[in-house]
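# Structural characterization, general
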Amino acid sequence: RLMAYNYYCIYAHEKKKGDTGTNVYAESESHAKEIGAILLSRWTGNNYSAEDMFAEVDSSIQEDNITTT
């Protein structure tokens, strides 16, 4: 059985979560921050690194529980 990936909210500004953020599935918080930094850099034109990211996990949502159509 594969390990479930958790659902993370990744954002660049701790005080303004609605400012710039994305949601990703990742195996760990550090992995989520790396993915988020790449995506947010592409979308905004800013140069974010994983260290710039803040992450919140939603442990109630995991990839192996979700079906898409």
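Summary of the structure given here. (Residues numbered from 1 in each chain as written. Predicted model: local features only at pLDDT ≥ 70, side-chain atom pairs only at ≥ 80, totals over all residues. Heavy atoms only, no water.)

Attention now goes to the packing of aromatic side chains. Centre distance and the angle of the planes are the two values used to describe a pair of aromatic rings. Evaluation of the coordinates by the stated rule reveals 2 aromatic pairs. With a centroid separation of 5.1 Å and 55° between ring planes, the pair formed by Tyr7 and Tyr25 is classed as tilted. Placement of Tyr7 in strand 1 (residues 6-11) and of Tyr25 in strand 2 (residues 21-26) is noted, with a sequence separation of 18 residues between them. The exposure class of Tyr7 is partly exposed, given its relative accessible area of 22%. Between the aromatic rings of Tyr11 and Phe54, the centroid separation amounts to 5.9 Å while the plane-to-plane angle is 20°, which identifies the pairing as stacked. One end of the pair, Tyr11, is in strand 1; the other, Phe54, is in strand 3 (residues 54-62), with 43 residues separating them in the sequence. (Phe/Tyr/Trp six-rings, centres within 6.5 Å; stacked < 30°, edge-to-face > 60°. Helix = DSSP H or I, 4+ residues; strand = E, 2+ residues; numbered from the N terminus. Buried < 20%, exposed > 50% of the residue type's maximum accessible area, 1.4 Å probe, protein only.)

Here we come to the nonpolar core. With 11 residues, the main nonpolar core is built from Tyr8, Ile10, Ala12, Val24, Ala26, Ala32, Ala37, Leu40, Tyr48, Met53 and Ala55. With 3 residues, helix 1 (residues 29-44) is the largest single contributor of residues to this core. When residues no more than four places from it in sequence are discounted, the contact partners of Tyr48 are Ala12, His13, Ala37, Leu40, Ser41 and Met53. (Core = buried A, V, L, I, M, F, W, Y, C linked by side-chain atoms within 4.5 Å. Contact = heavy atoms within 4.5 Å.)

By secondary structure assignment, the location of Ser41 is in helix 1. Beyond its immediate sequence surroundings of up to four residues, Ser41 is in contact with Asn46, Asn47 and Tyr48.

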